Amino acid sequence: MITKETEDAVLLYIDETHIRSYHVLRSTWSEVGRQKQVSTFGHHAHVSLFGAVNVHDGETVLHQTTAANAATFLDFLRMLKERYLDRLMVLVLDNARIHHAKMVKEFLREEGQCFHFIYLPPYSPQLNPIERLWKWLKDTVIANVFHKDRNDIIQAITRFVNYIHERPEEVLQRLGCAG
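These numbers were taken from a predicted model, which means no experiment stands behind them. (Residues numbered from 1 in each chain as written. Predicted model: local features only at pLDDT ≥ 70, side-chain atom pairs only at ≥ 80, totals over all residues. Heavy atoms only, no water.)

> Explain the pairing of strand β4 (residues 89-93) to me, please; I cannot follow it from the model alone.
A regular strand places its side chains on the two faces of the sheet in alternate fashion. With 5 of 5 residues buried, β4 lies mostly within the body of the structure. Of the strand pairs in this sheet, strand β1 (residues 10-20) and β4 are connected by 4 bridges, and their pairing is parallel. When the bridges of β4 are listed, V10 appears paired with M89. Pairing of β4 with strand β5 (residues 115-119), which is carried by 5 bridges, proceeds in the parallel orientation. (Buried < 20%, exposed > 50% of the residue type's maximum accessible area, 1.4 Å probe, protein only. Helix = DSSP H or I, 4+ residues; strand = E, 2+ residues; numbered from the N terminus. Pairing = 2+ DSSP bridges.)

Next up, the structure:
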């Protein structure tokens, strides 16, 4: 039965990932006899990202942070709550420890009535479409690219985020969710 509550519900697939400055070398074209060179400084800057994707309309919500832990996951949940004010959010997510942390459970008891979590079976990233968004992001931002520092990584991520926010239909196609 469709109720006002289910009409206002939004289904989001969520996950977190890390973008690191050390190299993801993938196959690429190069001139015969000239191997592609990728510079390095020997240090490893990184950015952590929480993300949510709506597989019905291609809308994405991304939250950059310095680490992926229970506290930053709560920041992401608060951000979603603010964005989808007065809507039920059905969140499909994996069984990472941070998703089951004591502080997350307390938050959900106190102010999480707008969230309904659906946990995927263990070791099943293929069931979460946002994993394909992470692959696209990493192929675009870090594959065969050198980033000199964290700020450089953030700028590359920002360009990617701006690109996908303008193209929700392409997001759906890349995720395998387009009709």
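> It is not clear to me how the environment of L133 should be interpreted in this structure. Could you clarify?
Relative to the helices and strands, L133 resides in helix α4 (residues 130-141). Taking relative accessible area as the criterion, L133 reaches 0% and is therefore assigned buried. It is 7.3 Å that separates the C-alpha atoms of L133 and R174, two residues lying 41 residues apart in sequence.

> Please clarify how the packing of α4 against helix α5 (residues 150-165) should be interpreted in this entry.
The description of two helices packed together rests on the angle between their axes and the distance between the axes. It is at 10 Å that the axes of α4 and α5 come closest, and there the two elements cross at 130°. Taken together, the axis directions place α4 and α5 in an arrangement best described as oblique. Like other packed secondary-structure pairs, α4 and α5 cross with a definite hand, here right-handed. Residues L133, W136, L137, T140 and V141 of α4 lie in contact with α5, whose contacting residues are A156, I157, F160, Y163 and I164. Classifying every residue of the contact of α4 with α5 gives 9 nonpolar, 1 polar and no charged. (Axes fitted to C-alpha atoms, helices over the stretch in contact; angles between N-to-C directions. Parallel < 35°, antiparallel > 145°, perpendicular 65-115°, else oblique. Left-handed = near helix turned anticlockwise from the far one by under 90°. Contact = heavy atoms within 4.5 Å. Nonpolar A, V, L, I, M, F, W, Y, C, P; charged D, E, K, R; others polar.)

> Which parts of the structure should I look at to understand the packing of aromatic side chains?
One pair of aromatic rings is described through two measures. These are the centre distance and the angle between the planes. All chains considered together, the criterion is met by 8 aromatic pairs. Arranged with centres 5.6 Å apart and planes meeting at 20°, the rings of F50 and F76 form a pair that is stacked. Highlighted residues: F50 in strand β2 (residues 46-53) and F76 in helix α2 (residues 70-83), separated in sequence by 26 residues. On the accessibility criterion, F50 (1% relative accessible area) is buried. The class of F76 is buried, set by a relative accessible area of 1%. Aromatic pair F115 and F117: ring centres 6.4 Å apart, planes at 70°, arrangement edge-to-face. For F115, a relative accessible area of 8% puts it in the buried group. Aromatic rings pair up to connect F50, F73, F76, F107, F115, F117 and Y119 into one cluster. (Phe/Tyr/Trp six-rings, centres within 6.5 Å; stacked < 30°, edge-to-face > 60°.)

> What is the right way to read the sheet that holds strand β3 (residues 60-65) from this model?
Adjacent strands of a sheet pair through backbone hydrogen bonds, lying either parallel or antiparallel. Sheet architecture is open: 5 strands sit in the order β3-β2-β1-β4-β5, paired in mixed fashion. The open sheet has two edge strands with one neighbour each: β3 and β5. Direction aside, the axes of adjacent strands within the sheet are offset by 25° on average.

> What exactly am I supposed to notice about the pattern of salt bridges here?
Applying the stated criterion across every chain, the model contains 5 salt bridges. For E111, the salt bridge identified is with K81, shortest N-O distance 3.4 Å. In this pair, E111 is assigned in helix α3 (residues 102-111) and K81 in helix α2, connecting sequence segments 30 residues apart. D139 is the partner of K135 in a salt bridge, and the nearest nitrogen-oxygen pair spans 2.7 Å. Note that K135 and D139 are positioned in helix α4 at a spacing of 4 residues, about one turn of the helix. On the basis of relative accessibility, which here comes to 52%, the residue K135 falls in the exposed class. Overall, the relative accessible area of 32% leaves D139 in the partly exposed class. (Salt bridge = Lys/Arg side-chain N within 4 Å of Asp/Glu carboxyl O.)

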